[in-house]
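# Examination of the molecular architecture
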Amino acid sequence: MTRSPIINCVNLSRSYGRGGSRNRWFGSDNTETPTVTALSNVDLQIERGEIIGCAGPSGSGKSTLLHLLAGLDTPTTGSVSFDGTDLSSLSDRARTRHRLDHVGIVFQHFHLLESLSARANVALPLVELGRPKGERRKRATELLEAMGLGDRVTHRPTQLSGGEQQRVAIARALVTEPDLVIADEPTGELDTETGEHVLKRFREVATELDAAVVIASHDEPTLAIADRLVRMRDGRIEDIEVLSGSDGPHDDSPAQQSAQTNQGR
Amino acid sequence: MGLASFFQRVFGLLQVSFRRTYVRATQTAPGRTWLSVGGVALAVGLMVVVTGIGVGIATQSTVYSENVDYWITPETDGGSSALVDADSPQFGSVHPTAADLTATDSIEYASPVLQQPIRLQTDRGGGEYVLAVGIVGHPQFTEIADTTTAGLTPGDPYYLNGTWTGEVVLSAGAAELLSASEGERVTVTRPQAGSERNFSVATVDPGTQSGSQFPIAVMQLSELQAITGGDVNDEAGQIVVSSTDPNVESMLGDIYPRSDVSTRAGLNAQAVFDEQLPLALSVTAAIIAIVIGTLFVMTTTGLSVAADRGKLATLAAIGVSRRTRFGLLASETLTITAVGGLVGVLLGLGGIRLTNIVAQQTFTSGEVASTEPFVIAFGFVISGVIGLLALPYLAVLLSRVGRAKEVGR
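Residues numbered from 1 in each chain as written. Chains lettered and ligands numbered in written order. Predicted model: local features only at pLDDT ≥ 70, side-chain atom pairs only at ≥ 80, totals over all residues.

Further remarks concern the overall build of chain B. Secondary structure assignment for chain B yields eleven helices and eleven strands. Split into buried and exposed, the 409 residues of chain B put 46% on the buried side. Long-range contacts, defined here as pairs at least 24 residues apart, represent 78% of the contacts in chain B between residues at least 6 apart. (Helix = DSSP H or I, 4+ residues; strand = E, 2+ residues; numbered from the N terminus. Buried ≥ 20, exposed ≤ 12 C-beta atoms within 10 Å, placed from the backbone. Contact = placed C-beta atoms within 7 Å.)

Below, the structure is given as structure tokens:
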């Protein structure tokens, strides 16, 4: 059975401006003149339950692609559709709600709120969802325990090591049981054993929640968990490789077709 | 979103907000946080002091009577003066003048008024200065300086036949200051004669009027003159006249050269001005406090937002709506201004206390600034207004910074 992709990127490009006109009240950039192309003509489809690895040197467009997939940014041209909805057609408010309901993001630099405990950081999206306090605490504690941080729930980020902060960030991304997990260098601060544990957790999320997971990393062992590996260079997809031993989608899936299309670019 | 879910969200948001504010004030940005608190506190504190002084002025009544119509005063003095300095111009031969006026058909009564600070003491010792007001009693002349004249024998017997009555009516403020009650003996030293004069408290005014808290002792004019030396020239600072005849005014102006005649209408206008002045002071102080406090809070919270733009972007990125982010900033700002208001009110109360101490040690025995409960409430209200006025600026800032796409940049 062929399933429709949860993410469908069509001819996706993102350029960033330098200069442009300035707002006369606030002096900030009001319009952007495209001068730097971070992503160019990317076609990519991602299915539920699939883990996508994203590799490439710095500046290759990995983070830009992740931002667009997450709905943090909008493309200059082309479109990103989530379950058939073009994210560019959504208002800023609707995209924010979309991220809350459907997307979990692990940032490369964690971006935890230093004034809150590890548990409060993890529970933060549940506050926005209006979940009861007891449920928030229980869910956040369970996830932190699953990440091996059961004894650190009340610690603030500044009292945690880099690896511990990274696991808190991962727990926060998973707390809403998202349909799409975006992770930028999720094992960068972790030792091998903990990294494997976290990757195993991503596989469980993909399998149990039927969620798509996109991982950007420079670390080949981390990327080995992916069903497909997207190699990027100069803002373009250079190659999409179906990794051996993956239990991902069928070879005749749209994603595979898309990969073949991109390989020809 | 259901109602229960909405409240869960609001309570959760407030928890996060208070936690963030606490950690910021104690650990991550204490300088900036306390600068905000200090700015509001200073503005509110100064406003509380100015308002307290305004209220103090308003509650210290002028020396005039509600049941007289004309005031004859020396040209250099105003009819509504609260206190007449001992060295100010005085009228002479006031008893016969007042008697002549009272004998006029168109005048109901006339009485000289002499005001002098004197030192009274009870038999228990410990003297206190009060403002003595000497008058010639008349059945229709029922109050002076917001103090009743009931208990004084009409006609000033000591002047008429040398009978020393020793009657004194104390305002509630004077009675409280002296701890004196009706029938109690109070003594005043006669500087001129080097001896003492005894008085008996005829009445203690229960204090229903605004000026009753001021320490005032009303007594027979001639007896006050005898104490202060005004009997030599039969002096008084004013003559009050009760009459319904509008033609009396010109006649009164001819009695003494270089004198002014004030009418009730004129004094009422003056009274309105006197009553509105403290209000104007308070309003001006409030406006200045609001402007300064709001600018202060806007500046410091603007700095905080700029410093927090990464965190705000993170919140946006993980799906926290702009409304919630604004709610977080708003509750943090309102918390800071509320703490600023509390500190400001305490500072203001301290300032009022200090003002009264300085005033009492330099130029008055009473309080020049008042700590009415509404002054305290006023301080809190103003701090709330400061916080609320800063919120639109926060909303504008939030629309400019901390957007999701800024995360990680």
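Bringing the overall build of chain A into the picture now. Scanning chain A from N- to C-terminus turns up eight helices and ten strands. Counting only contacts in chain A whose residues sit at least 6 apart along the sequence, the fraction spanning at least 24 positions is 68%.

All names here are of chain A. Look at helix H3 (residues 118-128) against helix H4 (residues 133-146): their axes get within 9 Å of each other, and the N-to-C directions meet at 125°. Taken together, the axes of H3 and H4 are oblique relative to one another. Read as a crossing pair, H3 and H4 show a hand that is right-handed. Residues Ala118, Arg119, Val122, Ala123, Leu126 and Val127 of H3 touch H4, and the partners they reach there are Arg136, Arg137, Arg139, Ala140, Thr141, Leu143 and Leu144. Split by residue class, the contact of H3 with H4 holds eight nonpolar, one polar and four charged. (Axes fitted to C-alpha atoms, helices over the stretch in contact; angles between N-to-C directions. Parallel < 35°, antiparallel > 145°, perpendicular 65-115°, else oblique. Left-handed = near helix turned anticlockwise from the far one by under 90°. Nonpolar A, V, L, I, M, F, W, Y, C, P; charged D, E, K, R; others polar.)

Turning next to the sheet that holds strand E7 (residues 180-184) of chain A. Residues and elements named next belong to chain A. Read across the open sheet, the six strands follow the order E6-E7-E8-E3-E9-E10; overall the sheet is mixed. Both outer strands of the open sheet, strand E6 (103-106) and strand E10 (236-242), are each paired with one neighbouring strand and no more. Direction aside, neighbouring strands of the sheet carry axes that sit 15° apart on average. As paired elements, strand E9 (residues 228-233) and E10 share six bridges and run antiparallel to each other. (Pairing = 2+ DSSP bridges.)

Next up on the list: the nonpolar core. Ranked by size, the top nonpolar core spans 117 residues in total, and within it Val181, Ile182, Val213 and Val214 of chain A carry the most contacts. Listed in part, the 55 residues of the second largest apolar core include Leu152, Ala175, Val186 and Val201 of chain B. (Core = buried A, V, L, I, M, F, W, Y, C linked by C-beta atoms within 7 Å.)

Turning next to the interface of chain A and chain B. Often, the extent of an interface is quoted as the loss of accessible area upon association of its parts. The partner chain B presents 28 residues to the 30 residues of chain A that form the contact. Breaking the side of chain A that touches chain B down by element, the ones donating at least two residues are helix H1 (62-70), helix H2 (92-102) and H3 of chain A. Taken together, the residues of the side of chain A that touches chain B break down into twelve nonpolar, nine polar and nine charged.

On to helix H6 (residues 192-208) of chain A, then. Residues and elements named next belong to chain A. Relative to the 24 Å expected for 17 residues at 1.5 Å per residue, H6 spans 24 Å between its end C-alpha atoms, a close match to the ideal helical length. Listed as buried for H6 are Gly195, Val198, Leu199, Phe202, Val205 and Ala206. Buried positions in H6, seen along its axis, are confined to an arc of 110° and lie on one side of it. Those residues of H6 that are exposed and angled more than 90 degrees off the buried face are Glu193, Lys200, Thr207 and Glu208. In this structure, the buried side of H6 is in contact with strand E3 (51-55), helix H5 (162-174), E7, strand E8 (212-216) and helix H7 (220-223). At the C-terminal side of H6, Asp210 shows a positive phi close to 55°. (Expected span 1.5 Å × (residues − 1). Arc of directions from axis to C-beta.)

Quick look at the confidence of the model for chain B now. Residues and elements named next belong to chain B. When pLDDT is averaged along chain B, the result is 82, and 87% of the positions lie at 70 or above. The spread of mean pLDDT over the elements of chain B runs between strand E1 (residues 70-74), the lowest at 74, and strand E6 (residues 167-170), the highest at 92. pLDDT under 50 marks residues 77-86. Its contacts with residues more than four places away, or in other chains, come to 25 contacts. In the model output, the complex is listed with pTM 0.64 alongside ipTM 0.84. (pLDDT = per-residue confidence, 0-100.)

What follows concerns the confidence of the model for chain A. Mean pLDDT for chain A: 84, with 84% of residues reaching 70 or above. Under a pLDDT of 50 for its full length, residues 247-265 of chain A has, in the predicted model, 33 contacts with residues more than four places off or in other chains.

Here we take up unusual backbone geometry. Across residues other than glycine, the phi torsion is negative in most instances, and most of the peptide bonds are trans. All names here are of chain A. For Phe110, which is not glycine, the phi torsion reads 70° and is therefore positive. If you trace the backbone, Phe110 turns up in the loop between E6 and H3. Since 21 C-beta atoms lie within 10 Å of it, Phe110 is described here as buried. Positive phi, normally seen in glycine, also occurs at His111, with a value near 50°. Positionally, His111 belongs in the loop between E6 and H3.

This next bit is on the pairing of E1 of chain B. Residues and elements named next belong to chain B. Taken across its five residues, E1 has four buried, putting it largely inside the fold. With three bridges connecting them, E1 and strand E10 (residues 238-242) associate as antiparallel partners. The residue of E10 that forms the bridge with Trp71 is Val240.

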